[in-house]
Amino acid sequence: MLKVWFLVFIVLSNGFSSTGQDMHNSTVPDVVNIGALFNYNTTFGRTVKIAIRAALEELNANPSILGKTHLNVILQEDSKYRGFLSISEVLQVATKHTVAIIGPQSAVTAHVISHIANELQVPLLSFSALDPTLSSLQFPFFIRTSHSDLYVMTAIADFVDYYGWKDVIAFYVDDDSGRNGIEALGDKLAEKRCRISYKAPMSPEPTDEEITNVLVQVALAESRVIVVHVNIFLGRKVFDIAKSLGMMGSGYVWLATTFLSGILEMNTPFPAGFTNNIQGVITFRVYTPDSELKRRFASKWKNLTQGETANDPLGLSALGLYAYDTVHALAHALDAFFKQGNRITFSKDPKLSLLHGDNLGLDTLNIFNEGNLLRRSIYEVNMTGVTGTFRYTSDRDLVNPSYEIMNVVGTGFRSIGYWSNYSGLSVDPPEALSSKPANNSRAGKMLRPVIWPGDTTKKPRGWVFPNNGRLLKIGVPKSISYHEFVSQVPGTDTFEGFCIEVFLAAVNLLPYAVPYKFIPFGDDHSNPSATELVRLITTGEFDGAVGDITITTERTKMVDFTQPYIESGLVVVAPVKKTDSNAWAFLAPFTPMMWAVTAIFFLFVGAVVWILEHRVNDDFRGPPKQQIVTTLWFSFSTMFFSQKENTVSTLGRFVLIIWLFVVLIVNSSYTASLTSILTVQQLSSPIKGIESLVNGKDPIGYTQGSFAKNYLIEEIGINESRLVALNTPEEAANALKKGPHDGGICAYIDERAYMELFLSTRCDFTVIGQEFTRDGWGFAFPRDSPLAIDLSTAILEMAESGDLQRIHDKWLLRSACLSQGTKLEVERLNLKSFWGLYLICGFACFLALFIYLIQIVRQYIKHSSEEVHPADQSTSSSGSSRLRSFLSFVDEKEEKVKHRSKRRQTEMTSCRSSIVGSSISFSSNKDYAHSSPHKSDGGGEA
């Protein structure tokens, strides 16, 4: 019986074991096919193949990932990696039930086969198709396992901005990867206010002649900062031809994207002469942080490459590292996919089934039913590989994009710094800065010194004038007035004047030649509009503008100006007439209010001093009439510090000292103002400044073509109907002389630089008020023009050396009427300038009176207690009698009061003594009277 049960148990065990095995086979297959689509006959393809096989060997030998399931890679040769012809290769891989495809090699192919991946729902993992437009929105099954070109273009834009260059030339292959990468570069440069000034595309498979022709055009362009964005198969050839054309010398800046660092890494160690033609080139290498995994993989790379290459070395590049991590990431995703209970199944595509009977055999292709689930698992991978942290952001890009900036020098290359999207440019590795707050300021960016082409450490200027025989077209406003600034020499094409000489002197200071020609702008009948001249720079009609051009807000929005070489704001010029002195000129320094307040304070201070001195000083006593005269005389004599009355009291002296200080200031101000009025010629004008013009209705003149018109209308608010355009200084002078009532103008508004010349020969007019704008003149050039920056530096050098002032004196120095001692209506001194002094003086007077009042009240109370007899204290006096008594006490001299008080105290003392004596005598007599009867009684008895 036991044997029977034992046999049953064995049968059941085998049955359950068989069922479990069948379940395993149905859910987790023993082998999973993945495809790899590259050209393995190239250095690139060999590197990828070695890395993929190395990763598969490690994964298939490691049961912790995928258990007993093995990954099988189908290495499909993509010998025609040029788009449409690659379709046949990817279709061959798809028919073998692959769950994912690694590749393709180029972005052009990726654009094509991504549509196939979308249809078959097979994830397409690529680390070499870096076109930024290969987005997960358009191609959801395209998964990039490295960083797109968007980030290297951002790094290049930061590098260009770091060195202060504004224009770059883009040299690229005219395919999807090249065009879209350069578009990304243009966007990033625009964020830094830089631009691509010239694009130099070439065909995907160019001949040497085509590359030469494109490089010749680059050499003729203005910029010397060249960004090269080609593939690794064309990189060496481009630089070899550039070297033969003499374009690898000093003055050039070559910035290569990751293709050049890939070439350098894969060919390490370099063959003899390998770097001769790329000396000084800057290239960007994908940065992978140092780690134990990376060092271990690098140490066995040499063994892995043995037998795969002939005699040429095959260095470990970032491509090999990302190929290795791509396989590992796919394995982790499959492991998570199976652990979630998912299966691998394929089904017919109903759309392709409709093509049954065609000769293409498309109906044999199957859809990977769980493709979406596997795609989701790939985006959820979070591992640490040989490239560092492998994790996707919410935008489905890998985290921590960063690059190492390499400088090709000698027989190798050296690191000059790093770039990451978190910390920007830095000499420290990105992982060292990841834990610190981001510092994106310009001061926080730093790179090591660079050895540029031509074996120089001096930073290249980054641009030259185009070597195409073209001269810069410099527009010059041809005005019909003020020829001292700009004028055309009659019968020639040359110009002269202050502005022209400043420009020529600045150009001579530049360290390079500037080919240019002056082109007149104007019709010889009216002054041209400087704003219109500036606008023509934006249209390309002119390459710059030189002349009396004011730097305004409107114009700076269109062009870039140099440093101002002369300051010139708007001023008001109006007719003036001479004002002769009259018999009442001595009253002119003060306003009526000032005279009134000053007189009141003279009387007030005199009264205060009289109150403080009346009880103690005989000079302030006497009959009422005498006291009034004395007080008035004392008050007004302080104006000349000639008062003969002395002050005795402390409070009186305190008030007098402060008042004399006030008088000193008032006297000095009066004397200075009166001297100016009597000695300086006075001018008067009904116009007081721009404010009076705003409130008036009279016509106002301005120079035709000046920005003053728009400023007066838009900023000041003057009605346009009041403005009169004038072309020449003579027209302006005649209009001013006529006046507003005879068809002329009441005032003429223009820039001070013009007005100084205008007034140098016209003494009937003068500047009214102050400048109401703060502008300057500069030379105009297109936006971001390096010439504007260099000329600004030259103008500053001229200002520091005094050359600018010498040119100014040569053309503009005149003997102006304004320097002949005339003055426009001396301003009268008003109370506003002195109210502080009067406030201090008034406060001192009231303080002294308050202290005096307290003292006098205390003395009066003491005096009253002494005057009133004790027997009369119960009888209260009336209020009026107390007031009369107080006033009488105040009017009485203090010395007399003290003398009377002292005499009364003496009398009271003597009175008390006599009373005490009388009391003692009375007491003695009383005792004697009591004792006398006793004596007489005794005698009688005897």
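Per an unreviewed UniProt entry, the protein goes by Glutamate receptor and derives from Arachis hypogaea. Comment text from UniProt for the protein, heading Subcellular location (unreviewed entry), reads "Membrane". Among the UniProt annotations of the protein, the heading Sequence similarities (unreviewed entry) holds the following wording: "Belongs to the glutamate-gated ion channel (TC 1.A.10.1) family."

Taken together, the five strands give an open sheet; going across it, the order is 29-28-30-25-31, and neighbouring strands pair in mixed fashion. One side of each edge strand has no neighbouring strand; the edge strands of this open sheet are strand 29 (723-726) and strand 31 (765-768). Across the sheet, the axes of successive neighbouring strands diverge by a mean angle of 35°, strand direction being ignored. One ladder, built from three bridges, connects strand 28 (residues 700-703) with strand 30 (residues 747-751); its direction is parallel. Each residue of the ladder has a partner; that of tyrosine 702, found in strand 30, is isoleucine 749. Helix-sheet contacts for helix 23 (residues 708-716) involve strand 25 (570-575), strand 28, strand 29 and strand 30, and the interaxial angle to strand 29 is about 170°.

All told, the structure shown has 23 salt bridges when counted by the stated rule. The partner of glutamate 58 in a salt bridge is lysine 300, with the nearest N and O atoms 2.3 Å apart. Here the residue glutamate 58 occupies a position in helix 2 (residues 43-60), and lysine 300 occupies one in the loop between helix 10 (292-299) and helix 11 (301-305), the gap between them amounting to 242 residues. By relative accessible area, which is 28% here, glutamate 58 ends up partly exposed.

Among the surface-exposed residues, Phe654, Phe843, Leu847, Phe850, Ile851 and Ile854 lie close enough to one another that they form a single nonpolar patch of about 570 Å² accessible area. As for its position among the elements, phenylalanine 850 is in helix 28 (residues 835-867).

Here we come to the UniProt feature "transmembrane region" (unreviewed entry) in the protein. UniProt's entry tags residues 593-612, 651-670 and 835-854 with the feature "transmembrane region" (unreviewed entry), counted in the numbering of this structure. Secondary structure content for residues 593-612 is 100% helix and 0% strand, and the end C-alpha separation is 28 Å. Secondary structure across residues 651-670 comprises 100% helix and 0% strand; the distance between its end C-alpha atoms is 29 Å.

All right, on to the packing of helix 7 (residues 208-220) against helix 8 (residues 235-244) then. Two elements in contact, helix 7 and helix 8, have axes separated by 10 Å at closest approach and are oriented at 60°. Between helix 7 and helix 8, the angle is such that the two are oblique. Considering only the axes of helix 7 and helix 8, their crossing is right-handed. Listed contacts from helix 8 to Asp208, Ile211, Thr212 and Leu215 of helix 7 are Lys237, Val238, Ile241 and Ala242.

By secondary structure assignment, the location of leucine 787 is in helix 26 (residues 786-801). Here the alpha-carbon distance between leucine 787 and tryptophan 463, two residues 324 residues apart in the chain, equals 9.7 Å. Look past the residues within four positions of leucine 787 in its chain and what remains in contact with it is Trp463, Phe465, Leu472, Leu510, Tyr512, Val514 and Phe781.

Counted according to the given criterion, the structure contains 46 aromatic pairs. Relative to tyrosine 512, the ring of tryptophan 463 has its centre 5.1 Å away and its plane inclined at 80°; by these criteria the two rings are edge-to-face. In this pair, tryptophan 463 is assigned in the loop between helix 15 (430-433) and strand 18 (472-477) and tyrosine 512 in the loop between helix 16 (498-508) and strand 21 (516-521), connecting sequence segments 49 residues apart. Given the relative accessible area of 6%, tryptophan 463 is considered buried. Taking the relative accessible area as the measure of exposure, tyrosine 512 reaches 12% and is therefore buried. Among the aromatic side chains, those forming a connected cluster through ring pairs are Tyr482, Phe485, Phe495, Phe498, Phe503, Tyr516, Phe518, Tyr565, Tyr754, Trp777 and Phe779. Over the ring of phenylalanine 141 we find arginine 375, and its NZ or CZ is 5.2 Å from the ring centre. The ring of tyrosine 379 is capped by arginine 396, whose NZ or CZ atom sits 4.8 Å from the centre of that ring.

Right, let's talk about helix 19 (residues 592-613) for a bit. Given a rise of 1.5 Å per residue, 22 residues ought to cover 32 Å, and the 32 Å separating the end C-alpha atoms of helix 19 matches this to within 8%. Considered for burial, the residues of helix 19 that qualify are Met594, Val597, Thr598, Phe601, Phe602, Val605, Gly606, Val608, Val609, Leu612 and Glu613.

Here the focus is the state of the cysteines. Taken as a whole and assessed by the stated rule, the structure comprises zero disulfides. Take cysteine 845: it sits in no disulfide, and the sulfur closest to it among the cysteines is that of cysteine 841, at 4.3 Å. Under the relative-accessibility criterion, cysteine 845 is labelled buried at 0%.

Rules used throughout
Residues numbered from 1 in each chain as written. Predicted model: local features only at pLDDT ≥ 70, side-chain atom pairs only at ≥ 80, totals over all residues. Heavy atoms only, no water. UniProt positions renumbered as here; feature names shortened; annotations may be inferred. Pairing = 2+ DSSP bridges. Helix = DSSP H or I, 4+ residues; strand = E, 2+ residues; numbered from the N terminus. Axes fitted to C-alpha atoms, helices over the stretch in contact; angles between N-to-C directions. Contact = heavy atoms within 4.5 Å. Salt bridge = Lys/Arg side-chain N within 4 Å of Asp/Glu carboxyl O. Buried < 20%, exposed > 50% of the residue type's maximum accessible area, 1.4 Å probe, protein only. Patch = residues over 30% accessible without salt bridge, like charges linked within 9 Å, V, L, I, M, F, W, Y side chains within 5 Å. Areas by Shrake-Rupley, 256 points an atom, 1.4 Å probe, with all protein chains shown as cover. Parallel < 35°, antiparallel > 145°, perpendicular 65-115°, else oblique. Left-handed = near helix turned anticlockwise from the far one by under 90°. Phe/Tyr/Trp six-rings, centres within 6.5 Å; stacked < 30°, edge-to-face > 60°. Lys NZ or Arg CZ within 6 Å of the ring centre and 35° of its normal. Expected span 1.5 Å × (residues − 1). Disulfide = S-S within 2.5 Å.

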